[in-house]
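Structure assessment
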Amino acid sequence: MDKFELKERYTLEDYRALIHFLRGPEGCPWDRVQTHESIRRNLLEEAYEAAHAIDTGDKENLREELGDVLMQVLLHADMEAEAGNFDLDDVADAACKKLVFRHPHVFGDTAAADPAEALSRWDAQKRAEKGQKTVADAMVSVPENLPALWRAEKILKKAAAVGFAWPDPSWTLVKLREETEELAQGMAAGDADNIAEEIGDVLFCAVNAARMLGVDPEAALHRCCEKFTRRFAYMEAETQKDGKTIRDLSLPEMEKCYQEARMCLEGKDEQLYLDKMPKE
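To start, this report covers the structure provided alongside it. (Residues numbered from 1 in each chain as written. Predicted model: local features only at pLDDT ≥ 70, side-chain atom pairs only at ≥ 80, totals over all residues. Heavy atoms only, no water.)

1. Looking at the overall build of the chain
Convention followed: Note on conventions: DSSP H or I runs of at least 4 residues are helices, E runs of at least 2 residues are strands, and numbering of each starts at the N terminus. Atoms counted for the radius of gyration: C-alpha only. Globule rule: 2.2 Å times the number of residues to the power 0.38. The classification of residues rests on relative accessible area computed with a 1.4 Å probe and restricted to protein chains. Under 20% of the type maximum is buried, over 50% is exposed, and intermediate values are partly exposed. Here the open area of atoms and residues is found with the Shrake-Rupley method and a 1.4 Å probe, where only the protein chains shown may cover a residue. For this count, His and the chain ends are skipped, Lys and Arg are scored as positive, and Asp and Glu as negative. In this description, the location of a charge corresponds to atom NZ of lysine, CZ of arginine, CG of aspartate or CD of glutamate.
Helix and strand counts for the chain stand at 14 helices and 0 strands. For 280 residues, the compact-globule formula gives about 19 Å, and the C-alpha radius of gyration of the chain, at 25 Å, lies well above that figure. Taken along its principal axes, the extent of the C-alpha atoms in the chain is 70 × 55 × 40 Å. Residues classed as buried in the chain amount to 24% of the 280 residues present. Taken as a whole, the chain presents about 19600 Å² of accessible surface, with 57% of it coming from carbon and sulfur. In the chain, which carries 37 positive and 57 negative side-chain charges, the distance between the mean positions of the two groups comes to 3 Å.

The following block contains the structure:
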């Protein structure tokens, strides 16, 4: 193919042509040998990096990360075009047809009075499109490689849509206590398989509580991780002031120090302690 034309400003079609050029004989040796499987993880990582840009409100970074996500789409589509299966236009065609089909309240003779009704019609069209005749069919269709908390949330939402749900979020606390008691019994018996099962039940129940309270369980756990890391960083810094390391402390001393970190950081800029930490 011809050399890629360098410009001051590029379009989406230029991006498509650039990816094709890089995978061609005059392009990049690395790009040429990639497969769907070899760059599968890249697609996931770029999506998470774009999500991080959204979370931080960094518009410049979001623009960059969306470009990286799009690059993954272009790469996968180019591979299939080379194999003679489908190209990017086929991808766009299928996507447009799916959107039109799933918006009968926009392109059909039905109507949606509010976002909730629009979503309900979307879900009904999706079930029809996928040939899902039962709620179980819809549950099975939830991808197994989703983050487990999100997968649990989606499955629980499908059950709740047909009335299989607690009438009040407080009921989930009763169920959570029941599951933790069963976990304790498994621990007391030393039954490894049962312990693993009961931990899953505890997590599933916690996700149900999050769903009913309108909390994203994945985001909530990430927030908890960040909080724990900030407190641990503070605790470690304070310990080092005494010429010690965390390993030098007994468990009661660690707990005392951690609680002091929690109290000291409340209401303060905890991010300061994360910013000081080296990045991977």
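2. Focus: the pattern of salt bridges
Worth spelling out the cut-off: Each reported salt bridge corresponds to a side-chain nitrogen of Lys or Arg within 4 Å of a carboxyl oxygen of Asp or Glu.
A complete count under the given rule lists 16 salt bridges for this structure. Across the pair E117 and R121 runs a salt bridge, and its minimum N-O distance is 3.1 Å. Note that E117 and R121 are positioned in helix α7 (residues 115-130) at a spacing of 4 residues, about one turn of the helix. Take E117: its relative accessible area is 28%, and that puts it in the partly exposed class. Salt bridges sharing partners connect three or more residues here, namely E13, R16 and D89.

3. Some points on α7
Put simply, the test is: The length a helix should cover is 1.5 Å for every residue beyond the first. Here a polar contact is taken to be a pair of N or O atoms separated by no more than 3.5 Å, where protein atoms must pair a possible hydrogen donor with a possible acceptor and residues adjacent in sequence count only if both atoms sit in side chains.
Its 16 residues give α7 an end-to-end C-alpha distance of 22 Å, which sits within 8% of 22 Å, the value for a rise of 1.5 Å per residue. By the N-cap criterion, in which a side-chain oxygen at the helix start approaches the backbone nitrogen of a residue two or three places on, α7 is capped by D114, the distance to A116 being 3.2 Å. Where α7 terminates, the next one or two residues include G131, which has phi positive at roughly 70°.

4. Topic: the environment of L12
Here L12 is to be found in helix α1 (residues 12-22). With 58 residues separating them in the primary sequence, L12 and L70 have C-alpha atoms 9.6 Å apart.

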